[in-house]
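# Residue-level structural notes
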Amino acid sequence: MPNIHLENEGRSARLALGALHAETAVAPLEQFTPAGKVKRVQALNGQTPVAAATAAQLIESDPELDLELAGRLMREATAVYLDPTEAQPAIATDFKDVEVVYTPDGQEKERRPRVFRTANVDATAPLKIVRRIPVKDCLTRFVFRGMQQVVHTDGLTFDFLYDLAKSLQQSQTMALVGAGPKGAGPLVLRDGGSPYRGFLYGEAEGAGENARYRLLLLLSDQELKRPAPPTPTP
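Residues numbered from 1 in each chain as written. Predicted model: local features only at pLDDT ≥ 70, side-chain atom pairs only at ≥ 80, totals over all residues. Heavy atoms only, no water.

## Some thoughts on unusual backbone geometry
What counts here: Working definition: helices are DSSP H or I runs of at least four residues, strands are E runs of at least two. Numbering for both runs from the N terminus.
One non-glycine residue, Glu9, adopts positive backbone phi at about 55°. Among the secondary structure elements, Glu9 is positioned in the loop between β1 (3–8) and β2 (11–18). Phi at Gln172 takes a positive value of approximately 55°, unusual for a residue other than glycine. Assignment of secondary structure puts Gln172 in the loop between α3 (155–171) and β9 (173–178).

## A few points about a nonpolar patch on the surface
This is how it is decided: Patches here are clusters of residues that have more than 30% relative accessible area and form no salt bridge, with a 9 Å joining cutoff for like charges and a 5 Å cutoff for nonpolar side chains (Val, Leu, Ile, Met, Phe, Trp, Tyr). Note that accessible areas follow from Shrake-Rupley with a 1.4 Å probe, and for residues the cover is restricted to the protein chains shown. Salt bridges are identified by distance alone: a Lys or Arg side-chain nitrogen within 4 Å of an Asp or Glu carboxyl oxygen.
A cluster of nonpolar residues, Leu44, Leu69 and Met74, forms a patch on the protein surface that exposes about 210 Å² of accessible area. Tracing the backbone through its elements, the reader meets Leu69 in the loop between α1 (55–61) and β5 (98–102).

## A closer look at α3
We count it as follows: The span you would expect from a helix comes to 1.5 Å times its residue count less one. Residue exposure (1.4 Å probe, protein chains only): buried if accessible area is under 20% of the type maximum, exposed if over 50%, otherwise partly exposed. Contacts described as polar in this section are N or O atom pairs within 3.5 Å, which, within protein, must combine one atom able to donate a hydrogen with one able to accept it, while residues neighboring in sequence count only if both atoms come from side chains.
Between its terminal C-alpha atoms α3 stretches 24 Å, which fits the 24 Å expected from 17 residues at 1.5 Å a residue. Along α3, the residues that are buried comprise Thr157, Phe158, Phe160, Leu161, Tyr162, Leu164, Ala165 and Leu168. Capping of α3 at its N-terminal end is provided by Asp154; its side-chain oxygen lies 3.2 Å from the backbone amide nitrogen of Leu156. Looking one or two places after α3, you find Gln172, whose phi comes out positive at around 55°.

## Some points on the side chain of Thr173
As for its position among the elements, Thr173 is in strand β9. Within polar-contact distance, the side chain of Thr173 engages the side chain of Ser171 at 2.6 Å.

## Here we look at the pattern of salt bridges
For the structure on display, the rule yields 12 salt bridges. The residue Glu110 makes a salt bridge to Arg112 at a minimum N-O spacing of 3.8 Å. Each of the salt bridges in this network shares a partner with another, and the network as a whole consists of Glu99, Glu110, Arg112 and Arg117.

## Structural notes on the sheet that holds β2
Cut-off, in case you're wondering: Here, strands pair whenever DSSP counts at least two bridges between them. An axis is simply a line fitted to the C-alpha atoms; with a helix, the fit covers only the stretch in contact. Between two such axes, the angle follows the N-to-C directions and lies from 0 to 180 degrees. Every residue pair with non-hydrogen atoms within 4.5 Å of one another is taken to be in contact.
With respect to topology, seven strands assemble into a closed barrel ordered β1-β2-β8-β11-β10-β9-β7, the strand pairing being mixed. Neighbour-to-neighbour, the strand axes of this sheet turn through a mean angle of 45°, independent of strand direction. Pairing geometry for strand β8 (residues 142–151) and strand β11 (residues 212–223), over eight bridges, is antiparallel. Of the residues in β11, the one forming a bridge with Val143 is Gln222. α3 contacts β1, β2, β7 (127–134), β8, β9, β10 (197–205) and β11 of the sheet and is inclined by roughly 95° relative to β10.

## Topic: the pairing of β1
Of the pairings in the sheet, the one linking β1 to β2 comprises six bridges and is antiparallel in character. Pairing of Asn3 across the sheet is with Ala16, part of β2. Sheet analysis places β1 next to β7, joined by two bridges and oriented parallel. Its bridge partner lying in β7, Leu6 is registered against Leu127.

## Regarding the nonpolar core
Applicable threshold: Note on terminology: a nonpolar core comprises buried Ala, Val, Leu, Ile, Met, Phe, Trp, Tyr and Cys residues joined through side-chain atoms within 4.5 Å.
With 27 residues, the main nonpolar core has Val150, Leu200 and Leu215 as its most contacted residues. If you list the elements that add at least two residues to this core, you get β1, β2, α3, β9, β10 and β11. Counting residues in each nonpolar core, the second largest holds nine residues, with Cys138, Met174, Phe199 and Leu218 among its members.

## A short note on the pairing of β11
Regular strands place their side chains on alternate faces of the sheet. Taken together, the nine bridges between β10 and β11 define a ladder with antiparallel strand orientation. Paired with Glu205 across the strands is Arg212, a residue of β11.

## Quick notes on the environment of Lys96
Looking at where Lys96 falls in the secondary structure, it is placed in the loop between α1 and β5. Given a relative accessible area of 73%, Lys96 falls into the exposed group. In this structure the C-alpha to C-alpha distance between Lys96 and Gly146, which are 50 residues apart in sequence, comes to 26 Å.

Printed below as a string of structure tokens:
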């Protein structure tokens, strides 16, 4: 699991990020046949594009099938980009990754080169809580693309996260988290990943040995904004 370095009220801790735990454990489903256990593999189907062929050609010679490739297992496959202007499939080598920015009404605003970003959630400078926003405002202002659960690694980090989750629950707020020395930067969870705004949502109950908490990190890359009213035509 990836780690996260978080600061709150003058204390900081390195914590773990993981997928949400299901409320009820689901038994794994396994399928068997008389030949043994069924497992998923990727294989080539042997299909090749045919620009033009008659029904007779398809019946007699199967030109759209490559019997040498059909059924061959795919190992260590990587994604490639194909040039749509070529008559036959050809790998495009001269291309650039760009980021497209849109206005609130869906119009393209800007195109810019995509920047390779380095993960920053487990850096020397911990993530900082910039401010707290009411839960209702967060859920109606932002589009959340992902969610991770923040979990403790020992007794000290349990107390750290329990106190934070309890504080968020009592105030009915979510904590906006930022990266960098002042917490002004977006979160990048992995090298080459996308930047996100991070929001912490917490729940806590019980005390002592019965204390429990849940702290979620919600990731957003889009804010909901009302588009400007159209200009009335004369």
